[in-house]
Every structure is written in structure tokens, then in C-alpha cells.
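Here are the chains, one letter per residue:
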Amino acid sequence: MTHEHTVARPFGELITAMVSPFTADGALDLDGVQRLAAHLVDEQGNDALVINGTAGESPTTTDAEKEALVRAVVEAVGDRAKVLAGVGTNDTRHTIELALSAEKAGAHGLLVVTPYYNKPPQAGLLRHFTAVADASGLPILLYDIPHRSGVPIETETLVRLAEHQRIVGVKDAKGDLVATSWVLARTDLAYYSGDDAGTLPALAVGAVGIVGTSTHFTGPQTKAMIQAYARGDVAEALAQHRRVLPLFTGIFRTQGTILVKAGLALAGLPAGPVRSPLVDATPEQVEQLRADAAACGLEFPA
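Remember, it's a predicted structure, so these values are computed and weren't measured experimentally.

Enquirer: Honestly, the overall build of the protein chain in this entry has me stumped. Any pointers?
Expert: Broken down by element type, the protein chain carries 12 helices and eight strands. For 302 residues, the compact-globule estimate of 2.2 N^0.38 gives 19 Å, and the C-alpha radius of gyration of the protein chain, at 18 Å, lies within 12% of that figure. Dimensions of the protein chain, computed from the C-alpha atoms along their principal axes, are close to 55 × 45 × 35 Å. Counting the 302 residues in the protein chain, one finds 54% classified as buried. Relative to all contacts within the protein chain whose residues are 6 or more apart in sequence, the contacts with residues 24 or more apart total 70%. Of the accessible surface of the protein chain, which amounts to about 12500 Å², a share of 54% is contributed by carbon and sulfur atoms. The centroid of the 24 positive side-chain charges in the protein chain is displaced by 3 Å from the centroid of its 34 negative side-chain charges.

Enquirer: Hey, could you run me through the UniProt feature "binding site: pyruvate" (unreviewed entry) in the protein chain in this one?
Expert: Within this structure's numbering, the places UniProt gives as "binding site: pyruvate" (unreviewed entry) are Val 211. Mapping Val 211 onto the fold places it in strand β8 (residues 209-212). Looking at Val 211, the relative accessible area reads 1%, which means it is buried. Each residue touching Val 211, except ones within four places of it in the same chain, is listed here: Ile 15, Ala 17, Val 50, Leu 141, Lys 171, Tyr 192, Ser 193, Gly 194 and Asp 196.

Enquirer: What is the right way to read the packing of aromatic side chains from this model?
Expert: Geometry of an aromatic ring pair is reported as the spacing of the ring centres plus the angle between the planes. Per the stated rule, a full pass over the model turns up one aromatic pair. Relative to Phe 300, the ring of Phe 217 lies with its centre 5.4 Å away and its plane at 85°, an arrangement referred to as edge-to-face. Of this pair, Phe 217 sits in helix α9 (residues 215-230) while Phe 300 sits in the segment after α12 (283-295), and the two are 83 residues apart along the sequence. The class for Phe 300 is buried, based on a relative accessible area of 13%. One Lys or Arg, Arg 275, reaches over the ring of Phe 22 and ends 4.2 Å from the middle of that ring.

Conventions and cut-offs
Every chain's residues receive numbers from 1 upward, in the order its sequence appears when written. The predicted origin of the model limits local features to residues at a pLDDT of at least 70 and limits the giving and counting of side-chain atom pairs to 80 or more, whereas totals for whole chains, interfaces and linings rest on all residues. The side-chain quantities take in all heavy atoms of the structure and omit both hydrogens and water. The helix count covers DSSP runs of H or I at least four residues long, the strand count covers runs of E at least two residues long, and both are numbered beginning at the N terminus. Atoms counted for the radius of gyration: C-alpha only. Globule rule: 2.2 Å times the number of residues to the power 0.38. Think of it in three bands: residues with accessible area under 20% of the maximum for their type are buried, residues over 50% are exposed, and the middle band is partly exposed, with areas taken using a 1.4 Å probe on protein chains only. Here, residues are in contact when the closest pair of their heavy atoms is within 4.5 Å. Surface exposure here means Shrake-Rupley accessible area, sampled with a 1.4 Å probe, where a residue is shielded only by the protein chains that are shown. By the counting scheme adopted, Arg and Lys are positive, Glu and Asp are negative, and His together with the chain ends is not counted. In plain terms, the charge of a residue is placed at NZ if it is Lys, CZ if Arg, CG if Asp and CD if Glu. UniProt positions are given in the numbering used here, feature names are shortened, and annotations may be inferred rather than shown by experiment. Aromatic rings from Phe, Tyr and Trp, with only the six-membered ring used for Trp, were paired whenever their centres fell within 6.5 Å, and each pair was classed as stacked if the ring planes differed by under 30 degrees, edge-to-face if by over 60, and tilted otherwise. Only Lys NZ and Arg CZ are tested; either one counts as a charge over a ring when it is within 6 Å of the ring centre and within 35 degrees of the ring normal.

Structure (C-alpha cells):
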């Protein structure tokens with residue numbers, strides 16, 4: 001039995017998981033944060049930004065830095081884009097603390113990743129996500145990424161979580177379109193692809209958009225792909241998918257944040273170094289990034 005529902009896009013179609021610009025000495029660059037956020041919304045066409053996700057180096061930013069990041073981005077673009085705060089940890093109490101801090105800082109929604117490393121059972125996931133949703137008044141996007149967290153959010157767990165009024169969607173990086181199809185058939189959850197290159201296949205089973213990494217650079221093209229598919233022009237959507245495929249995949253030749261920051265530096269946009277244990281891109285990686293961008297018809301300044 002299928003679930004008849006209308007497609008909701010609670011955070012729009014195009015969302016970028018924004019990197020966190022740092023100064024040369026590794027401190028938070030809040031002016032750069034605001035300039036990059038404005039660029040992503042005004043020039044790249046993002047409907048929303050995720051702050052403090054893995055792309056934003058959340059494993060190596062302090063709680064105080066996380067709150068400052070949210071405040072800065074809300075101030076810069078909160079009048080014209082949704083700001084989602086990544087608050088997920090592997091500790092329910094800490095996650096709730098971060099959720100309340102983000103809410104106080106003006107975030108419009110929360111991204112809550114599956115608890116990682118401690119590998120809770122499904123009953124633990126249900127309790128964890130429900131506790132966070134009960135504690136905050138903000139809508140929640142669950143982040144299902146078993147190759148990082150070690151544990152998938154199983155279909156039955158997602159169906160139960162969908163009953164919570166504040167759990168509105170999923171950033172889906174599971175890579176299981178059959179499981180995704182069943183959740184979408186049985187719930188009203190809004191699905192956003194968490195795998196850039198998998199966005200078009202995800203749209204085919206009912207996803208509404210993307211939370212992307214390469215979309216720091218491919219926003220207009222990716223949005224054109226999503227909108228072409230939505231209006232039934234599958235051939236155009238496929239053409240756009242193929243056009244940006246070199247960056248959809250190339251941005252992950254090493255850890256995505258590393259190459260995004262390298263590309264932003266080439267483009268003269270705020271980025272700065274990455275924090276250890278990440279390492280900055282090598283000259284060879286930067287040249288490969290240039291080649292991948294050129295294959296998409298995008299040129300970084302010399």
C-alpha cells in the first residue's frame with residue numbers, strides 16, 4: 001500500500017553544505033563566512049545553506065565557534081535563504097545542547113546526523129532523533145550516511161520518525177534507492193540527495209533536491225537539472241547531469257572540504273586552510289580540480 005502525498009520542499013531545492021572559512025593562522029574568519037554565504041545564495045542560487053556540517057569541519061570547531069558561524073550566516077543571508085545548523089554528534093545530550101544553541105542563534109532548521117562510532121541499535125536511533133526533535137522547535141533534516149556513521153537508519157525507523165511533526169526530511173547518503181523508494185512511498189518526508197552525482201537518480205524515485213558539496217561551484221547547473229526534471233524535461237535534466245558530472249565526482253577525489261577550499265581560493269573567495277587532521281590540497285590535486293572544472297565548462301582564474 002502506497003502513501004499518497006504532495007511533494008514538499010521545506011528547504012527549497014538547492015542546498016550547499018558550506019565550508020567554514022578560516023584565516024591563514026586557522027582562526028574562524030567570520031567576515032569571510034558572511035561573504036561566502038552571500039556568494040552561495042546570490043551567485044550560486046542556493047535556497048538554503050547547511051552550516052557546521054562535515055564540509056564545515058564540524059569535527060574540529062568548538063561549540064562557541066559553531067554558534068558564531070550560525071549567527072554570522074543568519075545575519076548575512078537569513079532574510080533570503082534558510083540556514084540549517086548541523087548539530088549531530090554521537091552523544092544525545094550534546095546534540096540537544098547544540099540544537100538549542102543553534103535555535104537561539106537564529107537557525108531555521110537542523111541537520112542531525114546518525115550517531116557515529118558508537119553504533120547504536122535502531123531503538124537507540126529512534127530515541128536519539130526523537131529526543132532532539134522534542135527538545136527544539138525547529139524542523140529537522142535527518143542525515144543518513146552509514147559509510148561515515150557505521151549505522152544506517154533503517155526503513156521502519158524512518159517511517160516511525162516521520163510521525164514526529166518536526167522531523168520533515170532526510171539528507172540521504174545511504175546509496176540505497178530501493179530503501180529510499182519505500183520510505184518515500186510510506187511517508188511525507190522530503191528527501192534531499194546527499195550524494196552529488198546521485199541526485200538525478202534520487203529525483204526519479206521522489207527526492208526533491210540536493211544537499212551538495214560541488215554546489216559551491218555548480219549551483220546554477222545543478223538547480224537547472226532539478227528544475228528540468230520537475231517540469232518533466234528528463235532529457236534536459238540528463239544533459240545537465242552529464243555536464244556537471246566531472247565536478248559532482250571530482251570534488252571527492254580526496255575529502256571534499258579540501259578541494260572546495262582549494263577551488264574557492266582559486267576563485268578568490270574566502271576559504272583559508274583546513275584544520276588538522278585534514279590537509280590542504282597538493283599542487284597536483286589543484287591542477288586536477290582545474291581540469292575537472294574545465295570539463296564542466298567552468299574556469300578558475302589563473
